[in-house]
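# Architecture and fold: a report
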Amino acid sequence: MTNQNIQPDPEQPGHIQQTGMWTETNCQVIELPLTKESLILVLRCALDAEKSPYTHQEIAWWADNFHQAQFDYDNPIDETVADVALDLHLQWQMYLDNTYTREELQNLNFSKVRLPAEWFSNWLERLDG
């Protein structure tokens, strides 16, 4: 994923300047069906990052694919479940943007990034509710 940091250009009013870009490194694809049960499984795995077969980066990108699947009419997904998947992916992106500088992101090993465990617990609670 590419993130662009675009700001007004102080030397040319009305124009913007690009202050930096970063590209998220590729990660392995989680080979699980796009189901509520699989979402619960990856969320539980994330709670024990030391033993999990998946990185938080892989989980975030799997969640994005899961959310996109709601638009497949052959595979309708419950709205609450799709919302949890979307929230997970968006929180991943915001966490990166809010935690690291542009320079850090340009050299970051994204597979080492860990989201707060409580977020995964909250998502699991939303799925149980």
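The rules behind each value
Residues numbered from 1 in each chain as written. Predicted model: local features only at pLDDT ≥ 70, side-chain atom pairs only at ≥ 80, totals over all residues. Heavy atoms only, no water. Helix = DSSP H or I, 4+ residues; strand = E, 2+ residues; numbered from the N terminus. Expected span 1.5 Å × (residues − 1). Buried < 20%, exposed > 50% of the residue type's maximum accessible area, 1.4 Å probe, protein only. Arc of directions from axis to C-beta. Contact = heavy atoms within 4.5 Å. Salt bridge = Lys/Arg side-chain N within 4 Å of Asp/Glu carboxyl O.

### Side note on helix α5 (residues 117-128)
- With twelve residues, α5 should reach 16 Å at 1.5 Å per residue; the first-to-last C-alpha distance of 17 Å fits that figure.
- For α5, the full list of buried residues reads Phe120, Trp123, Leu124 and Leu127. Considered in projection along α5, the buried side chains sweep an arc of 100 degrees and stay on one side of the axis. Counted as exposed and oriented over 90 degrees from the buried face of α5: Glu118, Glu125 and Asp128.
- As for α5, its buried residues are in contact with α1 (36-47), α2 (56-68) and α3 (79-99).

### Let's talk about the pattern of salt bridges
- As enumerated under the stated definition, the model contains two salt bridges in all.
- Taking the shortest distance from any N to any O, the salt bridge between Asp87 and Arg126 comes out at 3.2 Å. One end of the pair, Asp87, is in helix α3; the other, Arg126, is in helix α5, with 39 residues separating them in the sequence.
- Residue Arg102 is joined to Glu103 by a salt bridge in which the shortest nitrogen-to-oxygen separation is 3.1 Å.
- The exposure class assigned to Arg102 is partly exposed, which follows from its relative accessible area of 32%.
- Accessibility expressed as a relative area gives 42% for Glu103, which makes it partly exposed.

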